[in-house]
Amino acid sequence: MSCVGFLAQGVWTHPADRSTRMNTLDYWLDYARLLERGMFDMLFIADTIGTYDVYGGSIDAAVRGGVQLPMNDPSVVVSGMAAVTKNLGFGITGNVIYEPPYLFARRMSTLDHLTGGRVGWNIVTGILASGAKVMGRDKIVAHDERYDVADEYLELMYKLWEGCWDDDAVRFDREKHLFADPRGVHPVHHDGRYFKMEGVHPCLPSPQRTPFLFQAGASGRGKAFAATHAECVFVNGVSKESVAANVADIRRLAAAQGRNPADVLVLAGATIIVGRTDAEAREKADAYRRCADPEAVLAHAAGGLGVDLSRYPLDEPLTYQETDANRTSMEMFTRNAKRTYTPRQIAEEMALSARNLLIVGSVEHVVGELADWMAKTGVNGFNVARLIMPETLQDFVELAVPALQERGLLKREYRSGTLREKIFGAGPRLRSPHPAAMARTST
């Protein structure tokens, strides 16, 4: 995230952290170079619209702690990072409730051109009520209806990206003064429940046309959406059993949509602290934990839940409340058959990793755990969260990456081509039966 307080609230105060330099281009260029050196597939940039104002009924705790505030635009720095890398992909978060479809389609196509086809889109619907207010709405769209909006938004995106320009429409014929053949350019006529537009996508077809598609919804409705559209799904969880069930469910739903389950990759969120020995890793973790800000952690959690945790006594278990915020988190904290959660426990246990898996240990321990998670859950890989920037990612690249490569768990070189080609090894465009492919014959 383009902020100081990402998942680990308060650790920006650690003397080694450089995230307060996020407003400088050099910060992001160094970030990209580090990840490409470590053979990461992509830098995934999360985002949120609105502020965490649920805790205590105000933004005070979020402002004090820098809880995802301030937050810069996730897309602006991408072209700069692409200029200093050749293979690293860039996952950009875009909100279907608030982003005007025409403008968002143009922005993503532009970046897909400028990066040589290395752009992905993390499709989100937003969970903060404050986000609705800053966008001029009285209240947040109801949880399941947000995915109805998202389905139609994607339908319109596919029309713009896939259906407007034929492959052979662009001629660049200087002698005939023919830039493009009008017969190969098809205006979009869309009149739906949530969106209406008439016109043509303003960009030439980009290398991927539709960017690589990510989604992280874990509710029943969110997984149904992911099964239809996503090429890669992010999951959270600290239990192999629960993550395995989630992965199996996503792939079952994809198969029910007529898709090959292997075409839906699943990544588990992970915060990793690695050292040359277990003791060294624990020492680092203890130092990071001493920087954690309990109030900021609770402000973050309260915003995600849509429930003011300041109203609970620190040791009183949370109870279920129906909200239109993050229902998966609400279920986990209040309807967990194995345990209950109190505000104090949330502040302590989420301090370094939020809802991510937390792995702390030697190189051998970390690599063994990652391998075991892949074997027992069916995940294809991990979305590794930064903790101290750049120290924790630097440690991972220098210590864990060579060991992962030795065990055959991580590539030694990148595939050529676009992000989609690097990930799947096939062509640059989505193929049938994905709905994007169906948009090529109708606008």
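Refer to the structure presented above.
Our subject in this report is the structure included herewith. Being a predicted model, the structure only gives us computed values, none of them experimental.

About the thresholds
- Residues numbered from 1 in each chain as written.
- Predicted model: local features only at pLDDT ≥ 70, side-chain atom pairs only at ≥ 80, totals over all residues.
- Heavy atoms only, no water.
- Salt bridge = Lys/Arg side-chain N within 4 Å of Asp/Glu carboxyl O.
- Helix = DSSP H or I, 4+ residues; strand = E, 2+ residues; numbered from the N terminus.
- Buried < 20%, exposed > 50% of the residue type's maximum accessible area, 1.4 Å probe, protein only.
- Pairing = 2+ DSSP bridges.
- Expected span 1.5 Å × (residues − 1).
- Arc of directions from axis to C-beta.
- Contact = heavy atoms within 4.5 Å.
- Polar contact = N/O pair within 3.5 Å; in protein donor to acceptor, adjacent residues only side chain to side chain.
- Phe/Tyr/Trp six-rings, centres within 6.5 Å; stacked < 30°, edge-to-face > 60°.
- Lys NZ or Arg CZ within 6 Å of the ring centre and 35° of its normal.

## Comments concerning the pattern of salt bridges
And then number 1: Evaluated as defined, the whole model comprises 26 salt bridges.
And then number 2: The shortest N-O distance in the salt bridge between K240 and D372 comes to 3.4 Å. Residue K240 is found in helix α8 (residues 240–256), and its partner D372 is found in helix α13 (residues 363–377); the two are separated by 132 residues along the sequence.
And then number 3: A single network of salt bridges, built from pairs that share partners, joins E162, D167, R209, R429 and R440.

## Quick look at the pairing of strand β10 (residues 265–275)
And then number 1: Most of β10 sits out of view: 11 of its 11 residues are buried.
And then number 2: Side chains L265, L267, G269, T271, I273 and G275 of β10 all project onto a buried face; the interleaved residues V266, A268, A270, I272 and V274 project onto the opposite face, where all are buried too.
And then number 3: Note: strand β9 (residues 232–235) against β10, four bridges, orientation parallel. Looking at β10, one finds that F234 is bridged to L267.
And then number 4: In terms of strand pairing, β10 meets strand β12 (residues 381–384) through four bridges, oriented parallel. Bridged to A270 within β12 is V384.

## Concerning helix α4 (residues 101–114)
And then number 1: Along its 14 residues, α4 runs 20 Å from first to last C-alpha, staying within 8% of the 20 Å computed at 1.5 Å per residue.
And then number 2: Residues of α4 that are buried: P101, F104, A105, M108, S109, L111 and D112. Buried residues along α4 cover an arc of 165° about the axis, so they all sit on one side.
And then number 3: Tucked inside the fold, the buried residues of α4 contact α3 (78–83), β2 (89–95), β3 (119–124) and α6 (143–163).
And then number 4: Directly after α4, the chain includes G116, whose backbone phi takes a positive value near 70°.

## Details of the side chain of E99
And then number 1: Looking at the secondary structure, you find E99 in the loop between β2 and α4.
And then number 2: At a separation of 3.1 Å, a polar atom in the side chain of E99 contacts the side chain of R107.
And then number 3: E99 has contacts with F104, R107 and Y153, leaving out every residue within four places of it along the chain.

## Comments concerning the packing of aromatic side chains
Given two aromatic rings, one states the distance between the centres and the angle between the planes to describe the pair.
And then number 1: Applying the stated rule across the entire model yields 16 aromatic pairs.
And then number 2: Here W28 and Y31 contribute two aromatic rings whose centre-to-centre distance is 5.6 Å and whose plane-to-plane angle is 10°, an arrangement assigned as stacked. Of this pair, W28 and Y31 both sit in helix α1 (residues 25–37), three residues apart, which is roughly one turn of that helix.
And then number 3: Residue classification places W28 among the buried residues on the basis of a relative accessible area of 3%.
And then number 4: Using a relative accessible area of 7% as the deciding quantity, one classes Y31 as buried.
And then number 5: Put simply, the rings of F44, F212, F214, F234 and F424 touch in pairs and so form one group of aromatic residues.
And then number 6: Geometry around Y320 places R335 over its ring, the cationic atom sitting 3.6 Å from the centre.
And then number 7: Stacked on the ring of Y341, the Lys or Arg R339 has its end atom at 3.8 Å from the ring centre.

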